[in-house]
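Reading the structure
Single-letter residue listing:
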Amino acid sequence: MPPQTVDLGSLTTIAGVVAATIALMSVLKPGLAAAPGLSRVPGWVYTVLVAGGLTYVGNRVLGTLAGDLLALTCQVVVNALLSIGTYHVTGVATKPIAASVG
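Since the model is a prediction, treat every value here as computed from it, not as a measurement. (Residues numbered from 1 in each chain as written. Predicted model: local features only at pLDDT ≥ 70, side-chain atom pairs only at ≥ 80, totals over all residues. Heavy atoms only, no water.)

1. Quick word on the overall build of the protein
- Counting its regular elements, the protein contains three helices and zero strands.
- Tracing the protein from N to C terminus, the helices and strands come up as α-α-α.
- Taking all 102 residues of the protein together, the buried fraction comes to 30%.
- By sequence separation, contacts in the protein at least 24 residues apart represent 61% of the contacts at least 6 residues apart.
- As presented, the protein carries roughly 6000 Å² of accessible surface, and 69% of it is formed by carbon and sulfur atoms. (Helix = DSSP H or I, 4+ residues; strand = E, 2+ residues; numbered from the N terminus. Buried < 20%, exposed > 50% of the residue type's maximum accessible area, 1.4 Å probe, protein only. Contact = heavy atoms within 4.5 Å. Areas by Shrake-Rupley, 256 points an atom, 1.4 Å probe, with all protein chains shown as cover.)

See below:
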């Protein structure tokens, strides 16, 4: 079996989807923090939504992420949550998104 390359710039691998999730969240975070109702939601909730959405797009829309959608989504969401530090002792990712900007 040939080794699979990790392309962080596209939705072809789990690592690529996680990298795209983190990049997209860094762009969306200030806008979400400024919105009155959305600013109280913890950042990890948005990370789950973005990671799931990008997995769906890569798997079903673009067809670049091969595999079972549910299994891929579970893997991407867990990796994205670990990447943003959800389980880190500081608890930054568990605070409302408005409290983590700045």
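Now that the structure has been shown, the text picks up again.
2. Describing the nonpolar core
- Among the nonpolar cores identified, the biggest contains 17 residues, and Val17, Met25, Tyr46, Ala51, Leu54, Val76 and Ile97 are the most heavily contacted of them.
- Taken together, the elements giving at least two residues each to this core come down to α1 (14-34), α2 (43-61) and α3 (69-83).
- Once residues lying within four places of it in the same chain are set aside, the contact partners of Ala51 are Val17, Thr21, Val76, Val77 and Ala80. (Core = buried A, V, L, I, M, F, W, Y, C linked by side-chain atoms within 4.5 Å.)

3. A look at α3
- Spanning 15 residues, α3 covers 21 Å between terminal C-alpha atoms, matching the ideal 21 Å at 1.5 Å per step.
- Along α3, the residues classified as buried are Leu69, Leu72, Val76, Val77, Ala80 and Leu81. Angular distribution of buried residues about the axis of α3 spans 150 degrees; they occupy a single face of the element.
- On its buried side, α3 packs onto α1 and α2. (Expected span 1.5 Å × (residues − 1). Arc of directions from axis to C-beta.)

4. Some remarks on the packing of α1 against α2
- For the pair α1 and α2, interaxial distance at closest approach is 9 Å and the crossing angle is 135 degrees. Here α2 runs oblique to α1, going by the angle between their axes. Crossing geometry of α1 relative to α2 is assigned as right-handed. Along its contact with α1, which presents Val17, Ala20, Thr21, Leu24, Met25, Leu28 and Leu32, the element α2 presents Gly43, Tyr46, Thr47, Val50, Ala51, Leu54 and Thr55.
- Of the residues contributing to the contact of α1 with α2, the split by class is ten nonpolar, four polar and no charged. (Axes fitted to C-alpha atoms, helices over the stretch in contact; angles between N-to-C directions. Parallel < 35°, antiparallel > 145°, perpendicular 65-115°, else oblique. Left-handed = near helix turned anticlockwise from the far one by under 90°. Nonpolar A, V, L, I, M, F, W, Y, C, P; charged D, E, K, R; others polar.)

5. Notes on the environment of Ala34
- With respect to the helices, strands and loops of the structure, Ala34 is situated in helix α1.
- Along the backbone, Ala34 and Val101 are 67 residues apart, and their C-alpha atoms lie at a distance of 9.5 Å.

6. Things to note about the side chain of Thr55
- Along the polypeptide, Thr55 turns up in helix α2.
- Not counting residues within four places of it along the chain, the set of residues in contact with Thr55 comprises Val17, Leu65, Leu69, Leu72, Thr73 and Val76.

7. Quick look at the environment of Ala35
- Within the secondary structure, Ala35 is located in the loop between α1 and α2.
- Placed 63 residues apart in sequence, Ala35 and Ala98 show a C-alpha to C-alpha distance of 8.8 Å.

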